[in-house]
Amino acid sequence: MKAIYKNILRSISEEKKGLAVLIDPDKMPIEKVFGFIEKVNQSIATHIFVGGSTVDDTTTAILVATINTHTKLPVVLFPGDVSQITNHADALLFLSLISGDNPEYLIGKHVRAVSKLRDSNLEVIPTGYLLIENGKQTSVEKVTQTKPLARDNVQEIVDTAIAGELLGMQLIYLEAGSGALQPVPTEIISFVKQALSIPLIVGGGIRTKQQLKNAYDFGADLVVIGTAFEDDEAFFDELKKK
Ligand code: 1GP
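None of the values given here were measured: they were computed from a predicted structure. (Residues numbered from 1 in each chain as written. Predicted model: local features only at pLDDT ≥ 70, side-chain atom pairs only at ≥ 80, totals over all residues. Heavy atoms only, no water.)

Applying the stated criterion across every chain, the model contains seven aromatic pairs. Between F36 and F236, the ring centres sit 5.3 Å apart and the planes meet at 80°, which makes this aromatic pair edge-to-face. Taken as a pair, F36 in helix α2 (residues 30-41) and F236 in helix α10 (residues 235-238) lie far apart in primary sequence, 200 residues in all. Neither residue differs from the other here; F36 and F236 are each classed as buried. (Phe/Tyr/Trp six-rings, centres within 6.5 Å; stacked < 30°, edge-to-face > 60°. Helix = DSSP H or I, 4+ residues; strand = E, 2+ residues; numbered from the N terminus. Buried < 20%, exposed > 50% of the residue type's maximum accessible area, 1.4 Å probe, protein only.)

Structure follows, in structure tokens:
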């Protein structure tokens, strides 16, 4: 087992929660990286995730290399597409969109990723990715041509997460979608967490310290926040390391 996943497991055993700051290469000009990463470094963030739905490979590679020279935090790819896989990162969430039935996002893109992974040192972490309905269409829905799981069908969400674990996924990620109006409901987080023995990631629409606390209190092991930091870097001030 490689270091980044091992550290996530160790944090859980020590009851420490994780926070990943998500950087979308489309929205982060290189000249802004230094100042932004300084704020990340001074915050309680434990990981930096990089990914977006529409960026090209060179942009992501340059951005990840630049981020990595400014931080000691693990930089983890959260790719919207195979083209975003770069060796400059430390790890890759190898995402399977198990809430949907599009074979491209269950196996197709994974096969195409292999030529990029063959000679790489990236830690590859198989991750079951579940899109949860949040009231408006998300870009994941549009890009992948899949429907999210209905938020009132908790049993189906729990069963999908368990199926992911049984398939050998090492993480389960409950996603409301970037900029979601409402985060994943705490009831869903709680039921899914109780059903799993692997770590649980929650993201999408978390904009306040209280929403972050709620996600942790109800069972998220690692929370991902992107839009709230993009919209207002002052949010980092509320999340400073003590
Ligand atoms: C999106 O879960 C992440 O894939 C983060 O969402 O941008 O809404 O924080 P936000």
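The structure having been displayed, the exposition proceeds.
UniProt annotation of "binding site: sn-glycerol 1-phosphate" (unreviewed entry) refers to Y173, L174, E175, A176, G177, S178, G179, G204, G205, G226 and T227 when read in the numbering used here. If near-sequence neighbours (up to four positions away) are discounted, Y173 is found in contact with F49, F78, L93, T127, G128, Y129, L130, I201, G203 and V224. For A176, the position within the fold is in the loop between β6 (171-175) and α7 (186-195). A residue is classified by how much of its surface remains accessible, and A176, at 2% relative accessible area, is buried. (UniProt positions renumbered as here; feature names shortened; annotations may be inferred. Contact = heavy atoms within 4.5 Å.)

Further remarks concern the sheet that holds strand β8 (residues 222-225). An order of β1-β2-β3-β4-β5-β6-β7-β8 is seen for the eight strands of this closed barrel, with the pairing classed as parallel. On average, each strand axis in the sheet is tilted by 30° relative to the strand beside it, whichever way the strands run. Bridge analysis of strand β2 (residues 47-50) against strand β3 (residues 75-77) gives three bridges, and the strand direction is parallel. Along β3, the bridge assignment pairs I48 with V75. The strands touched by helix α6 (residues 154-166) are β5 (123-131) and β6; relative to β6, the strand with the most contacts, the crossing angle is about 150°. Packing of helix α8 (residues 209-217) onto the sheet brings it into contact with β1 (18-23) and β8, and relative to β8 it is tilted by some 150°. (Pairing = 2+ DSSP bridges. Axes fitted to C-alpha atoms, helices over the stretch in contact; angles between N-to-C directions.)

Let's shift gears to the environment of D237. If you trace the backbone, D237 turns up in helix α10. Spatially, the C-alpha atom of D237 lies 38 Å from that of K109, the residues being 128 residues apart in sequence.

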